[in-house]
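Read off the chains here:
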Amino acid sequence: MAAEVVVVGSCMTDLVSLTTRLPRAGETILGQKFFIGFGGKGANQCVQSARLGAKTSLICKVGKDSFGNDYVENLKKNGISTAFVGQTTDAATGTASIIVNSEGQNVIVIVPGANLLLNSEDLKRASDVIGKAKVVVCQLEITPAVSLEALKMARASGVKTLFNPAPALADLDPQFYTHSDIFCCNETEGAGDSFVGALAFYLAYYPKLPMEEMIRKSNCIASVSVQASGTQSSYPYRKDLPQDLF
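Predicted model, so just to flag it, every value in this text is computed and none were measured.

Trainee: Quick question: what am I supposed to make of the state of the cysteines here?
Mentor: Every disulfide links exactly two cysteines, by a covalent bond between their sulfur atoms. By the definition in use, this model includes zero disulfides. Cys 46 forms no disulfide, and the closest cysteine sulfur to it belongs to Cys 60, at a distance of 8.4 Å. We classify Cys 46 as buried; its relative accessible area is 0%. Just so you know, Cys 220 is unpaired, no disulfide at all, and the nearest cysteine sulfur is the one on Cys 184, 15 Å from it.

This is the structure:
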């Protein structure tokens, strides 16, 4: 069966260190805890959609490395089609190295890696799945021209497009506005992605619902995600949510 929600976007491995304070330049400090998480806006949004029951496919690129292998497994565990998850030897899987102090302040280094190698050829290979979707979702953690091309392909097939212009770009190509049915701005990494993933689910499965109602329900789901720790690990499953949301 064709995927109803197709996400074209990023996968990032989060490398998180918890410390009492942030180190100064040239300083080495001792941390309290380290964990590895799954992130990246594209994958996050796809995971939230899938956990609500959407049939999903992610079009993305990771490295042919241990982080990339783990990411593919993570997507499969979430019931996401990995038919168009490419693995490359030309770059490492994207990473976000995050240091968080006890006040919750953080410093982050993002290395997009393989995410920036997703290209037109990858989209052409996935043209069938894009054309048969109910909703195609894009963001800006991959090369913007590739996101724009995906939106154009979707629109040409009469597929609804949901564009999340994050991280924000100063000189966004105006074509993004004309090829997005829904232009959804938010900058809150975890909750914002949960919201977009939920909205994609409602657009695909409850297209007759008034937009205000879709937004209200998506907000409810995103507000559940902020009550648990981590990014994807905080995203709720359909079975754990009030059933009047469905």
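Trainee: Teacher, can you tell me more about helix H8 (residues 211-225) here?
Mentor: Residues that lie three or four places apart on an α-helix share one face, since the helix turns once every 3.6 residues. An ideal rise of 1.5 Å per residue puts 21 Å on 15 residues; H8 measures up with 21 Å between its terminal C-alpha atoms. Looking at H8, one finds that the buried residues are Met 214, Lys 217, Ser 218, Ile 221, Ala 222 and Ser 225. An end-on view of H8 places all buried positions within 140° of arc, on one side of the element.

Trainee: Please clarify how the sheet that holds strand E5 (residues 85-88) should be interpreted in this entry.
Mentor: Picture the strands of a sheet paired through backbone hydrogen bonds; they go either parallel or antiparallel. What the six strands build is an open sheet, ordered E5-E4-E1-E8-E9-E10; its pairing is parallel. Either end of the sheet is taken by a strand with one partner, and the two such strands are E5 and strand E10 (182-183). Sheet topology places strand E1 (residues 5-8) next to strand E4 (residues 56-63); four bridges connect them, and they run parallel. Bridge pairing links Val 5 to Thr 56 in E4. Sitting on the sheet, helix H5 (residues 144-156) touches E1, strand E8 (135-138) and strand E9 (160-163), and the angle it makes with E8 is about 170°.

Trainee: What exactly am I supposed to notice about the nonpolar core here?
Mentor: It is characteristic of soluble globular proteins that their nonpolar side chains tend to be buried jointly. Among the nonpolar cores identified, the biggest contains 37 residues, and Leu 58, Val 137 and Leu 162 are the most heavily contacted of them. Among the elements of the structure, E1, helix H1 (41-51), E4, helix H2 (66-77), E8, helix H7 (189-205) and H8 are those that each provide at least two residues to this core. With residues near it in sequence (within four places) discarded, Val 137 still touches Val 5, Val 6, Val 7, Val 8, Gln 45, Leu 162, Val 196 and Ala 200. In terms of nonpolar packing, the next biggest core, distinct from the first, is built from 24 residues, Val 6, Cys 138, Met 153 and Leu 172 among them.

Reading guide: rules and limits
Residues numbered from 1 in each chain as written. Predicted model: local features only at pLDDT ≥ 70, side-chain atom pairs only at ≥ 80, totals over all residues. Heavy atoms only, no water. Disulfide = S-S within 2.5 Å. Buried < 20%, exposed > 50% of the residue type's maximum accessible area, 1.4 Å probe, protein only. Helix = DSSP H or I, 4+ residues; strand = E, 2+ residues; numbered from the N terminus. Expected span 1.5 Å × (residues − 1). Arc of directions from axis to C-beta. Pairing = 2+ DSSP bridges. Contact = heavy atoms within 4.5 Å. Axes fitted to C-alpha atoms, helices over the stretch in contact; angles between N-to-C directions. Core = buried A, V, L, I, M, F, W, Y, C linked by side-chain atoms within 4.5 Å.

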